[in-house]
Amino acid sequence: MMAAIGDRERHVWDILESVPDPEIPVLSVVDLGIVRHVRWVTGSNGQSKLHVGITPTYSGCPATEVIRHSIATALDQEGYVDTTLEEVLAPAWSSDWLTEAGRRKLESFGIAPPERSVANPRHLFGVPAVACPRCGSRATERVSEFGSTPCKAHYRCTSCLEPFDYFKCI
Amino acid sequence: MSTATESTSDPVREARLRYLLRLGDTSLVLGQRLAEWVGHSPALEEDLGLANLSLDLVGQARLLLSYAAEVEGKGRDEDALAFLRDAPAFVNLTLAEQPNGDFGRTIVRQCLLDAWQLEVYEGLLNSSDTRLASIAGKAIKETRYHLRFSSGWLVRLGDGTEESHRRVQDALNELWRFTTELFAADEVDEALVAAGVAPELAALQGRWSARIDEVLKEAALVRPAAVPYQWHGKRGVHTEHLGHMLAEMQHLQRTYPGAQW
């Protein structure tokens, strides 16, 4: 019985792994760590209903609405027509939740993954040394704290001169 | 009868609503002010930076105002609160509505308010109101970035050229009179402190003050003298600037009620 429940949750997770982030399409919503739970909840009518918990990366991130819509559509297409999408605020999303696969995808896409981890005191003081996703040099400098989306900062490599995005550590 | 039920279920309901509106309106108004910079900033990076700050603040406002709308329980949502209230119904801090002026003045206003929000959100992390605590937990991470941006620029401008120094010192002298309101507690604050919902403003003032002094010192700026408290944005009494700002912000929803993307 437990295995059966695990299987149907696994199926939903598999579907969600095919839903891309609208701003960084190499990442799925699962890679980003914004899907917090997948579970069936039995309602007062005795019917079991799928609940998926999503957390925003940044409170004002405009992609959040698109992501909700993409998730609902993907699940709908697979026959999960009556899914409840729940917004989960606590604990607040952290770039530490990015999966290993997600980090590798980011790097091959040309975006430096966040220096781990948030708990590292280095991040409380000053700027972390970010490795250039093109040449790997750590001789990089921050151009701007804020980049093309809320989750990214703008960097430049002083070795190979590549300008690149850095996925911020938050 | 229904009032009696409400008061037993949440004895500080009115104060809670007021408090959420104050926090939400302050974020919204400040976010809208920063959005006015989009396409006009001194450099592309700063344009993106201010737009990012604006986005975070509007996002925080949305979380706070949708919660306020639920507490109010009159069928309004966060959009109705943002776009269909008149200036006297807004209860943001007066400092947030002050016009942008030049980039330096915007940075001064931002730094003063970022440092304030940081203390307030920090205090709210332990709120007995778990929903408010979770909003604060989200917002505080963003606010740390905001303060790093604004204090970094304040130092560069204050300790920059003669011209940049003069401009930010002038802005500081002009805006400082609005900072007393940041820590002026009234019956709303007192009721929520007693209920364990909100942190005591007086307790936050020392830390805010120390943080600001540190930045001002590094920026070679002089802290202006305190003046008697006489602005009451958080009680709905605003400077003339808010009405003009709202006229632009609310224009679309007022002209085409219910319009959606």
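Sequence order sets the numbering: in each chain, residues are counted from 1 along the sequence as written. Here every chain gets a letter starting at A, and every ligand a number starting at 1, in the order they are written. Where totals are concerned, whole chains, interfaces and linings use all residues; where local detail is concerned, this predicted model gives features only for residues with pLDDT of at least 70, and gives and counts side-chain atom pairs only at 80 or more.

### So, the overall build of chain A
In terms of helices and strands, chain A carries three helices and seven strands. Numbering of helices and strands starts at the N terminus; helices are DSSP runs of H or I of at least 4 residues and strands are runs of E of at least 2. Counting from the amino terminus, chain A carries its helices and strands in the arrangement α-β-β-α-β-α-β-β-β-β. Buried, partly exposed and exposed are defined by the number of other C-beta atoms within 10 Å of a residue's own C-beta, namely 20 or more, between the two limits, and 12 or fewer respectively, with C-beta atoms placed from the backbone. Looking at the 170 residues of chain A, the share that counts as buried comes to 33%. The contact rule is simple: place each C-beta atom from the backbone, and if two of them lie within 7 Å, those residues are in contact. Here the analysis covers contacts within chain A between residues at least 6 apart in sequence; of these, 50% occur between residues at least 24 apart.

### Structural notes on the overall build of chain B
Scanning chain B from N- to C-terminus turns up 11 helices and zero strands. Ordered by position from the N terminus, the helices and strands of chain B form the series α-α-α-α-α-α-α-α-α-α-α. Expected size for 261 residues packed as a compact globule is a radius of gyration near 18 Å; at 18 Å, chain B falls within 12% of this value. If you line up chain B on its principal axes, its C-alpha atoms span 65 × 45 × 30 Å. Evaluated residue by residue, chain B yields a buried proportion of 45% over its 261 residues. Here the globule rule is a power law, 2.2 Å times the number of residues to the power 0.38, and the radius of gyration is based on C-alpha atoms.

### Describing the domain arrangement of chain A
Residue and element names in this part refer to chain A. By the assigned domains, chain A splits into domain 1 (2-93) and domain 2 (98-167). Contacts between the two partners involve 12 residues from domain 1, matched on the other side by 11 residues from domain 2. Residues are grouped as follows: nonpolar covers Ala, Val, Leu, Ile, Met, Phe, Trp, Tyr, Cys and Pro; charged covers Asp, Glu, Lys and Arg; every other residue, Gly included, is treated as polar. Taken together, the residues of the side of domain 1 that touches domain 2 break down into seven nonpolar, three polar and two charged. These domain limits were set by an automatic method or by a database of domain assignments.

### Observations regarding unusual backbone geometry
Geometrically, the link from Ala-90 of chain A to Pro-91 of chain A is a cis peptide bond, its omega value of -5° lying close to zero. With respect to the element layout, Pro-91 of chain A can be found in the loop between strand E3 (84-87) and helix H3 (100-108). Unlike most non-glycine residues, Leu-161 of chain A shows phi in positive territory, near 70°. C-beta crowding within 10 Å serves as the criterion here: with 10 such atoms nearby, Leu-161 of chain A is assigned to the exposed category. Notably, Ala-220 of chain B is not glycine yet its phi reads approximately 55°, a positive angle.

### Some details on the environment of Val-81 of chain A
Residues and elements named next belong to chain A. Along the chain, Val-81 falls in the loop between helix H2 (63-77) and E3. Residue classification places Val-81 among the exposed residues on the basis of 10 C-beta atoms within 10 Å. Counting along the chain gives 31 residues from Val-81 to Leu-50, while the straight-line C-alpha distance between them is 9.2 Å.

### Topic: the sheet that holds strand E7 (residues 163-167) of chain A
Residues and elements named next belong to chain A. By this definition, two strands are paired if DSSP reports at least two bridges between them. As summarised here, the arrangement of the four strands in space is E4-E7-E6-E5, forming an open sheet in which the pairing is mixed. Each of the sheet's edge strands pairs with one partner strand only, and the pair in question is strand E4 (111-112) and strand E5 (140-144). Both strand E6 (residues 152-157) and E7 contribute to a ladder of five bridges, which runs antiparallel. When the sheet's bridge partners are listed, Arg-156 is paired in E7 with Pro-163.

### A few points about the interface of chain A and chain B
In this assembly, 16 residues from chain A lie in contact with 20 residues from chain B. Here the side of chain A that touches chain B is built from residues that sort into 10 nonpolar, five polar and one charged.

### Some words on helix H2 (residues 13-35) of chain B
The span you would expect from a helix comes to 1.5 Å times its residue count less one. Taking 1.5 Å as the rise per residue, H2 of chain B with 23 residues should run 33 Å; its terminal C-alpha atoms sit 32 Å apart, in good agreement. Here H2 of chain B lies mainly inside the structure; 19 of its 23 residues are buried.

### Some details on the nonpolar core
We define the nonpolar core as any set of buried residues of the types Ala, Val, Leu, Ile, Met, Phe, Trp, Tyr and Cys, connected via C-beta atoms lying within 7 Å of each other. In terms of nonpolar packing, the biggest core is built from 108 residues, with Leu-64 and Leu-154 of chain B touching the most fellow members. Among the elements that line this core, the one with the most residues is helix H3 (residues 44-72) of chain B, at 13 residues. Mapped onto the domain boundaries, this core takes at least three residues apiece from domain 1 (2-93) and domain 2 (98-167) of chain A. If near-sequence neighbours (up to four positions away) are discounted, Leu-154 of chain B is found in contact with Ile-107, Val-108, Cys-111, Val-168, Val-215 and Ala-219 of chain B.

### Quick word on the environment of Gly-31 of chain B
Residue and element names in this part refer to chain B. Here Gly-31 is to be found in helix H2. Taking the C-alpha atoms as reference points, Gly-31 and Ala-80, separated by 49 residues in sequence, lie 17 Å from one another. Those residues in contact with Gly-31, other than ones at most four positions away along the chain, are Ser-54, Leu-57, Val-58 and Ala-61.

### A word on the sheet that holds strand E2 (residues 48-54) of chain A
In any sheet, the strands associate via hydrogen bonds between backbone groups, in a parallel or an antiparallel arrangement. Residues and elements named next belong to chain A. With respect to topology, three strands assemble into an open sheet ordered E1-E2-E3, the strand pairing being mixed. What marks the edges here is a single partner per strand, and that holds for strand E1 (35-42) and E3. Taking the axes of each pair of neighbouring strands and ignoring which way they run, one obtains an average angle of 25° across the sheet. Where E1 and E2 come together, seven bridges link them in antiparallel fashion. Looking across to E2, one finds that Thr-42 is bridged to Ser-48. H2 rests against E2 and E3 of the sheet, and its axis sits at about 150° to E2. As a rule, the C-alpha atoms of each element are fitted with a line to give its axis, helices using only the stretch in contact, and angles between N-to-C directions run from 0 to 180 degrees.

### Topic: the packing of helix H6 (residues 103-124) of chain B against helix H7 (residues 130-158) of chain B
All names here are of chain B. Packing of H6 against H7 leaves a shortest axis separation of 7 Å and a crossing angle of 150°. The pairing of H6 with H7 is recorded here as roughly antiparallel in orientation. Handedness of the H6/H7 crossing: left-handed. Counted by class, the contact of H6 with H7 contains 16 nonpolar, seven polar and three charged residues. If an angle is under 35 degrees, it is roughly parallel; if it is over 145, roughly antiparallel; if it lies from 65 to 115, roughly perpendicular; otherwise it is oblique. What makes a crossing left-handed is the near helix being turned counterclockwise from the far one by less than a right angle; a clockwise turn instead makes it right-handed.

### Some remarks on H6 of chain B
The end-to-end C-alpha distance of H6 of chain B is 31 Å, a good match for the 32 Å that 22 residues give at a rise of 1.5 Å each. Of all 22 residues in H6 of chain B, 19 are buried, a share of seventy percent or more.

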